[in-house]
Amino acid sequence: MSVPLSDVAYQQCISPDCGEQYGVADVRINCGQCGGLLDVRYDWGRARPPEKLGDFQKLWSERHEPARFSGVWRFHDLLPFAPLEQVVTVGEGQTILQQADAVASYVGVRSGGLFLQYEGMNPSGSFKDNGMTAAFTHARMIGAKRAACASTGNTSASLAMYCAVTRHMKAVIFIGSGKISYGKLSQALDYGALTVQIAGDFDDAMVRVREVARDLGIYLVNSVNPFRLEGQKTIMLRVLEALRWEVPDWIVVPGGNLGNSSAFGKAFAELLELGLIDRAPRLAVINATGANTLYELYENRSLRWNGGRIDQQVSDAYLAELDAAQRKASTLASAIEINRPVNLTKCLRALDTCDGVVREVTDQEIIDAKAQVGAGGIGCEPASGASVAGARKLVQEGVIDPDARVVCILTGHQLKDPDATVAYHTTDQDRFDRVLGTRGVKRASFANRAVAVPNDLPEIIKAIQLYS
Ligand code: F0G
């Protein structure tokens, strides 16, 4: 007889000193005892995970079922908090891991050693759909009618899309003023979400959305929601699948609110616990220099997971310094323009599991790396370029071996932020200065400039012959 699925999953405070448990039907974004973040956990003895990762391949033949077609729910056995028949899916997770040799040479690893995981190929154009399908499934399980998030754009696009496609809930999204790229804003508006633009940035919006969710009983889908991170674990499962279940040497990911890095760490911790892999890859989390809280705390102030006994004073003191200096997050990579990452503690745990490092990269490095990714096809948005820029830096430092197998996560689609791309390639200096120059970007080293020609056939032919 099969075990009812709700019995195999529960929520638990991540602090080992607290460890308070809650049922899966309990809607909360932190521990009622100590305020810590929560994990979704499973009684693996009863949940019956696969004996080996290769077992997942059998499910390919069931792709006519939406829940098996989904690149998230295909791995349901490793996130069994809801019955498979109840999952909400719009076909997320059909993403590709591509060997990218031209980018490898830019990064400085051997040909064949660099892989790009294109999460921009999700239905709303970013990795967020991996998490949203899981949060949505939970929201539906508990009968939520409205869902909210604060967002730098992609979470809101994803939430708005799931609400519009499924009609299960109404979306309420909070965005900071002028802090969201038009590609993302256009999605939220088009999909019909109630869009609340507050006078402030993402960090301000995050504080408000928590208050509003609490006061109005609206389901919160930011990555403090532990169910969301369950879905994001599957990004790593797909990476392993594409590498025929071999663990790469490095996973490199941009860090904003630190949901992805936290989810990746949890995925590897569970796979190790279950004996499905024998080692975790190393994890590199890349901040933008203008939004570098994790870098500052981890690399400069040595803040560590420390078995769950994190020195809270170190992070509190740093955030107080930011406030005193009135320093707001500022980067061209608007998706990661965040100074107060809500998943800081979970990310420290992930860095511990995966022997991690953190680096910061400038907007110049980000936009040049993004151009390199674009030149290789498919492309990405600026925040995703941070992973490639970070990998390059780590190779230059000798931390990543040139012979290593490196996977960079491209978190968002190229079309999410066309302003940044056009400004990089433009011949219009004013546009360059306005969009990029104000961010400290001085050159467009890999610009592909449009060629201006008179409307005259011989001149057009001459130009094509000259430049092609
Ligand atoms: N890359 C992109 C394209 C993102 O949209 C985000 C986060 C990140 C990286 C950072 O990921 O938060 O898991 O560390 N975007 C959020 C949003 C904050 O609201 O869309 P993280």
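Summary of the structure given here. (Residues numbered from 1 in each chain as written. Predicted model: local features only at pLDDT ≥ 70, side-chain atom pairs only at ≥ 80, totals over all residues. Heavy atoms only, no water.)

Digging into helix H11 (residues 312-324)
Reasoning step 1: Between its first and last C-alpha atoms H11 spans 18 Å; for 13 residues at 1.5 Å apiece the expected length is 18 Å, and the two agree.
Reasoning step 2: Within the span of H11, buried status applies to Val314, Ser315, Tyr318, Leu319 and Leu322. Across the axial projection of H11, the buried residues extend over an arc of 125 degrees, all falling on one side. In H11, the exposed positions that point more than 90 degrees away from the buried face belong to Gln313 and Ala324. (Helix = DSSP H or I, 4+ residues; strand = E, 2+ residues; numbered from the N terminus. Expected span 1.5 Å × (residues − 1). Buried < 20%, exposed > 50% of the residue type's maximum accessible area, 1.4 Å probe, protein only. Arc of directions from axis to C-beta.)

Re the pattern of salt bridges
Reasoning step 1: According to the stated counting rule, one finds 30 salt bridges in the structure shown.
Reasoning step 2: The partner of Asp39 in a salt bridge is Lys346, with the nearest N and O atoms 3.9 Å apart. With Asp39 in strand S3 (residues 38-42) and Lys346 in helix H12 (residues 344-353), this pair connects stretches of sequence that are 307 residues apart.
Reasoning step 3: Assessed through its relative accessible area of 3%, Lys346 is described here as buried.
Reasoning step 4: Where Glu211 meets Arg208, a salt bridge forms, and the shortest distance between an N and an O atom there is 2.8 Å. Linking Glu211 with Arg208, this pair stays in helix H7 (residues 202-216), spanning three residues, or about one helical turn.
Reasoning step 5: Connected via shared salt-bridge partners are Asp39, Arg41, Lys346 and Arg349. (Salt bridge = Lys/Arg side-chain N within 4 Å of Asp/Glu carboxyl O.)

What about empty space enclosed by the protein?
Reasoning step 1: All chains considered together, the criterion is met by five cavities of 30 Å³ or more.
Reasoning step 2: Of the voids in this model, the largest cavity is the one considered here, and its volume is about 290 Å³.
Reasoning step 3: At three residues, the largest contribution of residues to the lining of the largest cavity is made by helix H9 (residues 259-273).
Reasoning step 4: Broken down by class, the residue content of the lining of the largest cavity amounts to nine nonpolar, 14 polar and three charged. (1 Å grid on protein atoms, 1.4 Å probe; cavity = no way out; pocket = protein on both sides within 12 Å on 5 of 7 lines; lining within 4 Å. Points joined across faces, edges and corners; volume = space filled by probe spheres on them. Nonpolar A, V, L, I, M, F, W, Y, C, P; charged D, E, K, R; others polar.)

Some words on the packing of helix H13 (residues 363-375) against helix H14 (residues 382-396)
Reasoning step 1: Packing of H13 against H14 leaves a shortest axis separation of 7 Å and a crossing angle of 100 degrees. Taken together, the axes of H13 and H14 lie roughly perpendicular to each other. Contacts between H13 and H14 involve Glu365, Ile366, Ala369, Lys370 and Val373 from the former and Pro382, Gly385, Ala386, Val388, Ala389 and Lys393 from the latter.
Reasoning step 2: Class assignment of the residues belonging to the contact of H13 with H14 gives a composition of seven nonpolar, one polar and three charged. (Axes fitted to C-alpha atoms, helices over the stretch in contact; angles between N-to-C directions. Parallel < 35°, antiparallel > 145°, perpendicular 65-115°, else oblique. Contact = heavy atoms within 4.5 Å.)

Remarks on the state of the cysteines
Reasoning step 1: One pass over the structure, following the stated rule, counts zero disulfides.
Reasoning step 2: The structure places no disulfide on Cys31, whose sulfur is separated from the nearest cysteine sulfur, that of Cys18, by 3.6 Å.
Reasoning step 3: Between Cys34, a cysteine without a disulfide, and Cys13, which holds the nearest cysteine sulfur, the sulfur-to-sulfur distance is 3.4 Å.
Reasoning step 4: Owing to a relative accessible area of 44%, Cys34 belongs among the partly exposed residues under this scheme. (Disulfide = S-S within 2.5 Å.)

Remarks on the nonpolar core
Reasoning step 1: In this structure, Phe81 and Leu159 are the most contacted members of the largest nonpolar core, which totals 105 residues.
Reasoning step 2: If you tally residues by element for this core, the top one is helix H8 (residues 226-242), at seven residues.
Reasoning step 3: Those residues in contact with Phe81, other than ones at most four positions away along the chain, are Ala9, Val24, Val40, Tyr42, Trp73, Ala134, Thr137, His138, Met141, Phe227 and Glu230.
Reasoning step 4: By size, the runner-up hydrophobic cluster in this structure holds 35 residues, among which are Val103, Val109, Val361 and Cys380. (Core = buried A, V, L, I, M, F, W, Y, C linked by side-chain atoms within 4.5 Å.)

Describing the pairing of strand S5 (residues 114-118)
Reasoning step 1: Most of S5 sits out of view: five of its five residues are buried.
Reasoning step 2: The alternating pattern of S5 places Leu114, Leu116 and Tyr118 and Phe115 and Gln117 on opposite faces, both of which are buried.
Reasoning step 3: In the sheet, strand S4 (residues 96-99) pairs with S5 via four bridges, with the strands oriented antiparallel. Along S5, the bridge assignment pairs Gln98 with Leu116.
Reasoning step 4: Direction of pairing for S5 relative to strand S13 (residues 406-410): parallel, over a ladder of five bridges. (Pairing = 2+ DSSP bridges.)

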